[in-house]
Amino acid sequence: MSRGPGGSPPRRWLPGRRVLRHWVVRRLALAVVVVLGAATAAFAGLWLAPGDPVQLIVGSHEVTPETAARVRADLGLDEPLIVQYGRFLLRLLHGDLGQSYQLSQPVSELLGGQAGATVALALTGFLLAALGSVLLAVATAGRRPLLRRASSAVELVLSSTPAFWAGIVLLTLFSFQWQLFPAVDGGGLDGLVLPGVTLALPMLGVFTQVLRESMERSLEEPYALSARARGSGETALRLRHSLRHTLVPLLTLSGWTVGSLLSGAVVVETVFSRQGIGRIAASAISTRDLPVVTGVVVVSAVVFTLVNLLVDVLYAVADPRLKEASG
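Residues numbered from 1 in each chain as written. Predicted model: local features only at pLDDT ≥ 70, side-chain atom pairs only at ≥ 80, totals over all residues. Heavy atoms only, no water.

*Asks:* Which residues make up the overall build of the protein chain, and what values go with them?
*Replies:* Within the protein chain one finds 13 helices and 0 strands. Helices and strands in the protein chain line up, N terminus first, as α-α-α-α-α-α-α-α-α-α-α-α-α. Taking as baseline every contact in the protein chain between residues at least 6 positions apart, the subset at least 24 positions apart corresponds to 74%. Of the roughly 18,800 Å² of accessible surface on the protein chain, a fraction of 67% belongs to carbon and sulfur atoms. (Helix = DSSP H or I, 4+ residues; strand = E, 2+ residues; numbered from the N terminus. Contact = heavy atoms within 4.5 Å. Areas by Shrake-Rupley, 256 points an atom, 1.4 Å probe, with all protein chains shown as cover.)

*Asks:* Which residues make up the pattern of salt bridges, and what values go with them?
*Replies:* For the coordinates displayed, the defined rule picks out 3 salt bridges. The partner of R87 in a salt bridge is E79, and the shortest N-O contact between them spans 4.0 Å. We classify R87 as partly exposed; its relative accessible area is 41%. Across the salt bridge formed by R148 and E216, the nearest N and O atoms sit 2.7 Å from each other. Taken together, the positions of R148 in helix 6 (residues 145-160) and E216 in helix 8 (residues 190-218) put the pair 68 residues apart, joining distant regions of the chain. (Salt bridge = Lys/Arg side-chain N within 4 Å of Asp/Glu carboxyl O. Buried < 20%, exposed > 50% of the residue type's maximum accessible area, 1.4 Å probe, protein only.)

*Asks:* Got a sec to walk through a nonpolar patch on the surface? Specific residues and values, please.
*Replies:* Among the surface-exposed residues, F164, W165, I168 and V267 lie close enough to one another that they form a single nonpolar patch of about 400 Å² accessible area. Take V267: it is sitting in helix 10 (residues 234-271). For V267, a relative accessible area of 30% gives the class partly exposed. (Patch = residues over 30% accessible without salt bridge, like charges linked within 9 Å, V, L, I, M, F, W, Y side chains within 5 Å.)

*Asks:* Account for the side chain of S218, with residues named and values stated.
*Replies:* With respect to the helices, strands and loops of the structure, S218 is situated in helix 8. Those residues in contact with S218 that lie beyond four places of it in its chain are Y223, A224, S242, H245 and T246.

*Asks:* Describe in detail the nonpolar core, supporting the description with residues and values.
*Replies:* Within the largest apolar cluster, 28 residues are counted, with the highest numbers of intra-cluster contacts made by F207 and M215. Of all the secondary-structure elements, those providing two or more residues to this core are helix 5 (107-140), helix 7 (163-177), helix 8, helix 9 (222-229) and helix 10. Considering each element in turn, this core owes the most residues, 8 residues, to helix 8. Those residues within four positions of F207 in sequence are excluded, and the remaining contacts are F126, A129, A130, S133, L250, L253, W256 and T257. (Core = buried A, V, L, I, M, F, W, Y, C linked by side-chain atoms within 4.5 Å.)

*Asks:* An account of helix 11 (residues 277-287) is needed here, citing residue identities and associated values.
*Replies:* Each α-helix winds once per 3.6 residues, and so residues spaced three or four apart point in a common direction. Those residues of helix 11 that sit buried are I277, G278, I280, A281 and A284. Around the axis of helix 11, the buried residues are gathered within 160 degrees of arc, so they sit on the same side. Residue R288 follows helix 11 closely and has a positive phi angle near 60 degrees. (Arc of directions from axis to C-beta.)

*Asks:* Any chance you could break down the packing of aromatic side chains for me, citing the residues and the numbers?
*Replies:* What the rule picks out here adds up to 5 aromatic pairs. Each ring, one from F174 and one from W178, has its centre 5.3 Å from the other, and the planes form 80 degrees; the classification is edge-to-face. Take F174: its relative accessible area is 25%, and that puts it in the partly exposed class. By relative accessible area, W178 is classed as partly exposed at 46%. Taken together through their ring pairs, the aromatic side chains of F43, Y85 and F88 make up a single cluster. (Phe/Tyr/Trp six-rings, centres within 6.5 Å; stacked < 30°, edge-to-face > 60°.)

*Asks:* How would you explain the packing of helix 6 against helix 8 if you had to name every residue and give the values?
*Replies:* Running from amino to carboxyl end, helix 6 crosses helix 8 at an angle of 145 degrees, the nearest separation of the two axes being 6 Å. Both helix 6 and helix 8 take part in a crossing whose hand is left-handed. Only L201, P202, L204, G205, V206, T208, Q209, R212, E213 and E216 of helix 8 make contact with helix 6, whose side of the interface consists of R148, S151, S152, E155, L156, L158 and S159. (Axes fitted to C-alpha atoms, helices over the stretch in contact; angles between N-to-C directions. Left-handed = near helix turned anticlockwise from the far one by under 90°.)

*Asks:* Tell me about the packing of helix 7 against helix 8, residues and numbers included.
*Replies:* The interhelical angle for the contact between helix 7 and helix 8, taken along N-to-C directions, is 145 degrees, at an axis separation of 9 Å. Viewed along their axes, helix 7 and helix 8 form a crossing whose handedness is right-handed. On the side of helix 7, the interface is formed by A163, A166, G167, L170, L171, F174 and S175, while helix 8 contributes L194, V197, T198 and L201.

*Asks:* Any chance you could break down the environment of R143 for me, citing the residues and the numbers?
*Replies:* Mapped onto the secondary structure, R143 falls in the loop between helix 5 and helix 6. R143 sits in the partly exposed class, given a relative accessible area of 35%. A C-alpha to C-alpha distance of 9.5 Å links R143 and E216, two positions 73 residues apart in sequence. Excluding residues within four positions of it along the chain, R143 makes contact with V138, E234 and R238.

So, in structure tokens, the structure goes:
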């Protein structure tokens, strides 16, 4: 066998690093394509939407043709379409999402001021769903068929329940009837409970189904049989050994979860009268505030792409097979 400098073994990990670097570059290129596609679709929506943009800006006020022409010139709407598209992309590269028609406020400032509330809601919903699904999967995996079927039925109901219906039920019971939680968020942690649970319920059903099936497969692996032979209890086997192997599917589902959180936030923030990007998006759609809708689409695409890119990287680290292929 050939030796490296100084008689040391050859550095065989270099090709693996090169493969991993190419893999990351491909993911980054795909992320750019996704964001560009979302931005292009948002720009096309501005032109395909019915109505005159100038009329959307001035609202119900009557404007003279001279005033309308001046507004179009100020906004660059009188330029050729390809020029407007190029300027649109250039503004996005500089973080400029345009100006709200209805609020006369930069869209980036408008969304930035509401991002914290939406992030808090999304994290609460995800953590509740992840924790609940792990507990349910550990408690029901490989158990009696009756318990497993009952759990599967509950999970199916949760995953198919509309968020607006679940939110109304929770509000009716826990806010209006029992008065355990506030109906309107007052800024405290108690105001996050019901919206977070509403957002978590559909994900809880999906997460539990995936984790339980993965855990049941892992409990039949040789390492599980060996642990039982050494006298390991069933609960210890699930928590110490099997749970580590079943968390990889949960990591994979995290990328899909971003889309569910973003779409669910629109409904949940509206039902619970919470501030946030979702409620702004719903209001912008109803008032046809197209720059705000475009900004929400672009920001959502960027967040979705970045989170999925991070999940891909973490999955590459967590999956032994990929590490072997890249090492």
